[in-house]
Amino acid sequence: GGEAQPAVGFGMGDVVLTDLLGERGLLPDTARSLDFYVVAVGEELRSRVLSLAHALRERGRSVSYSLKPQAVGKQFKSAGTEGAREVIVLGPTEVARGVAVVRDMVSGKEREVSLEELGDDGWRMRES
């Protein structure tokens, strides 16, 4: 209702715009990618996860970890969702020996790597 007014306009929703850009191959690649996801086997290793994540970030690596206590399986699922290339698993037995288990998320192969090699150079001092 009311008096007619001259106007010009255009409207498009985000879904329509996404479809249009997708059809033309103009959507940017938004796949998530991450160098490492650090998994803690037990909440008592939380400080170790934070220390290792910090050390890896200082070396220019992209790192993520669970912000809340979670089962190991859920942490691995999060690592996959975030596109982690490798998962570093910190278990109590391994940390006591100064190593972590590193799993390649593509091949599934695992290897032990020293915490020093991962960049956590002060791990021995913090253990005492």
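One structure accompanies this document, and this report is about it. (Residues numbered from 1 in each chain as written. Predicted model: local features only at pLDDT ≥ 70, side-chain atom pairs only at ≥ 80, totals over all residues. Heavy atoms only, no water.)

Side note on the overall build of the protein
Piece 1. Per the secondary structure count, the protein includes 5 helices and 5 strands.
Piece 2. Out of the 128 residues in the protein, the part that is buried amounts to 34%.
Piece 3. Counted over contacts in the protein with a minimum sequence separation of 6, partners at least 24 positions apart contribute 57%.
Piece 4. Accessible area of the protein: about 8600 Å², with a carbon and sulfur share of 53%. (Helix = DSSP H or I, 4+ residues; strand = E, 2+ residues; numbered from the N terminus. Buried < 20%, exposed > 50% of the residue type's maximum accessible area, 1.4 Å probe, protein only. Contact = heavy atoms within 4.5 Å. Areas by Shrake-Rupley, 256 points an atom, 1.4 Å probe, with all protein chains shown as cover.)

Some remarks on the nonpolar core
Piece 1. In terms of nonpolar packing, the biggest core is built from 18 residues, with Val38, Leu52, Ile88, Leu90 and Leu118 touching the most fellow members.
Piece 2. At the level of secondary structure, the elements contributing two or more residues to this core comprise strand S1 (34–40), helix H2 (46–58), strand S2 (63–65), strand S3 (84–90) and strand S4 (99–104).
Piece 3. Broken down by element, the residue count for this core peaks at 4 residues, all from H2.
Piece 4. By size, the runner-up hydrophobic cluster in this structure holds 9 residues, among which are Leu34, Phe76, Val87 and Val101. (Core = buried A, V, L, I, M, F, W, Y, C linked by side-chain atoms within 4.5 Å.)

A look at a nonpolar patch on the surface
Piece 1. Together, Phe10, Met12, Val16, Leu17 and Leu20 make up a nonpolar patch on the protein surface, roughly 490 Å² of accessible area in all.
Piece 2. Structurally, the position occupied by Met12 is in the segment before helix H1 (14–23). (Patch = residues over 30% accessible without salt bridge, like charges linked within 9 Å, V, L, I, M, F, W, Y side chains within 5 Å. Salt bridge = Lys/Arg side-chain N within 4 Å of Asp/Glu carboxyl O.)

Quick notes on the sheet that holds S4
Piece 1. With mixed pairing, the 5 strands of this open sheet are ordered in space as S2-S1-S3-S4-S5. With one partner strand each, in any of the chains shown, S2 and strand S5 (110–114) form the two edges of the open sheet. When the angles between neighbouring strand axes are averaged without regard to direction, this sheet yields 30°.
Piece 2. Pairing of S3 with S4, which is carried by 4 bridges, proceeds in the antiparallel orientation. If you follow Ile88 over to S4, its bridge partner there is Val102.
Piece 3. Lying on the sheet, helix H3 (residues 72–81) is in contact with S1, S3 and S4; it crosses S1 at an angle near 170°. (Pairing = 2+ DSSP bridges. Axes fitted to C-alpha atoms, helices over the stretch in contact; angles between N-to-C directions.)

Considering the pairing of S1
Within a regular beta strand, the side chains point alternately toward one face of the sheet and then the other, so they alternate between its two faces.
Piece 1. In terms of burial, S1 is largely enclosed, as 7 of its 7 residues are buried.
Piece 2. Following the chain from S1 across H2 to the adjacent parallel S2, one finds a crossover that is right-handed. (Right-handed = clockwise from strand over helix to strand, strands pointing away.)

A short note on the pattern of salt bridges
Piece 1. For the coordinates displayed, the defined rule picks out 6 salt bridges.
Piece 2. A salt bridge links Arg111 to Glu86, with the shortest nitrogen-to-oxygen separation between them at 3.0 Å. Separated by 25 residues along the polypeptide, Arg111 in strand S5 and Glu86 in strand S3 bring together distant segments of the chain.
Piece 3. The exposure class assigned to Arg111 is partly exposed, which follows from its relative accessible area of 41%.
Piece 4. Owing to a relative accessible area of 15%, Glu86 belongs among the buried residues under this scheme.
Piece 5. Overlapping salt bridges bring together Asp35, Arg61 and Arg85 as one network.

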